[in-house]
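Chain residues, written in single-letter form:
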Amino acid sequence: RRFAHQRRIIGDLPKLHRRPFGLFAAKLLVAMEEARASTPAPDAVVFVVDARPAVFAVLRTELTAARANAGYLPLAFGLAVHEIEAWLLADPEARRAGMDADCAALAYGRPEDDPDPKTTFASWLGDARARASGNAAGLTDLERRALLIAAMRPDVVAQLCPLGFAPFLGEIRRLSSS
């Protein structure tokens, strides 16, 4: 299946909360129209947004409104609590593949409780890079991230990230089965 990849910079989400309701949904609808107009049209559109817990309810409301106006285009929405890096750090086996055994052994608890997973991710990735030897020493951060993503076990991440990743995984599975 072909999925549309649409990356939109929408600003700081806490600021979005102070704007009039509907702005986020309107931006999603514009992105969906662009995807619908692309050739060939995608089978589905997937959105993932970093979100602070304080704006989760607002974003869920706006995502529901966007879905209601999506027409025929299948959609999946993911809300990453704080930042998507929490999902990337959740699975110790994925950390082993993309970082190293030392990072895999670190206790991370509930990833969605980390108020700054992007900083944690950068720190752990830097530590792994500094310890790297042999073939691993030549890997770029982008290559390490790709290895980490490829090794992620979705059910493990869903169990450790129940607020954001678990519902998103359900949506992706719904899309892939339709």
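Quick caveat: nothing in here was measured; it's all calculated off a predicted structure.

## Examining the packing of helix α7 (residues 117–131) against helix α8 (residues 141–151)
No. 1: It is the contact of α7 with α8, at a shortest axis distance of 11 Å, that shows an interaxial angle of 110 degrees. Classified by the angle between their axes, α7 and α8 sit roughly perpendicular to one another. Of the residues in α8, those touching α7 at Phe121, Leu125, Ala128 and Arg129 are Asp141, Arg144, Arg145 and Leu148.
No. 2: Split into classes, the residues belonging to the contact of α7 with α8 amount to four nonpolar, no polar and four charged.

## Description of the pairing of strand β3 (residues 75–81)
No. 1: Counting buried residues along β3, seven of its seven residues qualify, which places the element largely inside the surrounding structure.
No. 2: Of the two faces of β3, the one holding Leu75, Phe77, Leu79 and Val81 and the one holding Ala76, Gly78 and Ala80 are both buried throughout.
No. 3: The pairing of strand β2 (residues 44–51) with β3 spans seven bridges and is classified as parallel. Residue pairing in the sheet places valine 48 in a bridge with glycine 78 of β3.

## With respect to the environment of valine 156
No. 1: Counting through the fold element by element, valine 156 comes out in helix α9 (residues 154–160).
No. 2: With ten residues separating them along the chain, valine 156 and alanine 166 place their C-alpha atoms 9.5 Å apart.

## Quick notes on the side chain of glutamate 85
No. 1: Within the secondary structure, glutamate 85 is located in helix α4 (residues 85–90).
No. 2: Classification of glutamate 85 by relative accessible area gives buried; the value is 5%.
No. 3: Here glutamate 85 is in contact with Pro117, Lys118, Phe121 and Arg145, once residues within four sequence places are set aside.

## A short note on unusual backbone geometry
No. 1: Of note, the phi angle at histidine 82 is positive, near 70 degrees, even though the residue is not glycine.
No. 2: Structurally, the position occupied by histidine 82 is in the loop between β3 and α4.
No. 3: Residue class for histidine 82 comes out buried when judged on its relative accessible area of 13%.

## Examining the nonpolar core
No. 1: One finds Trp87, Met99, Phe121, Leu148, Met152, Val157 and Phe165 to be the most contacted residues of the largest nonpolar core, which totals 25 residues.
No. 2: Looking at this core, the elements that each hand over two or more residues are β2, β3, α4, α7, α9 and α10 (165–177).
No. 3: Each residue touching phenylalanine 121, except ones within four places of it in the same chain, is listed here: Glu85, Leu88, Leu89, Met99, Arg145 and Leu148.
No. 4: Listed in part, the 18 residues of the second largest apolar core include Ala35, Val45, Leu75 and Val81.

The rules behind these values
Residues numbered from 1 in each chain as written. Predicted model: local features only at pLDDT ≥ 70, side-chain atom pairs only at ≥ 80, totals over all residues. Heavy atoms only, no water. Axes fitted to C-alpha atoms, helices over the stretch in contact; angles between N-to-C directions. Helix = DSSP H or I, 4+ residues; strand = E, 2+ residues; numbered from the N terminus. Parallel < 35°, antiparallel > 145°, perpendicular 65-115°, else oblique. Contact = heavy atoms within 4.5 Å. Nonpolar A, V, L, I, M, F, W, Y, C, P; charged D, E, K, R; others polar. Buried < 20%, exposed > 50% of the residue type's maximum accessible area, 1.4 Å probe, protein only. Pairing = 2+ DSSP bridges. Core = buried A, V, L, I, M, F, W, Y, C linked by side-chain atoms within 4.5 Å.

In short, shape yes, function no, at least from these values alone.
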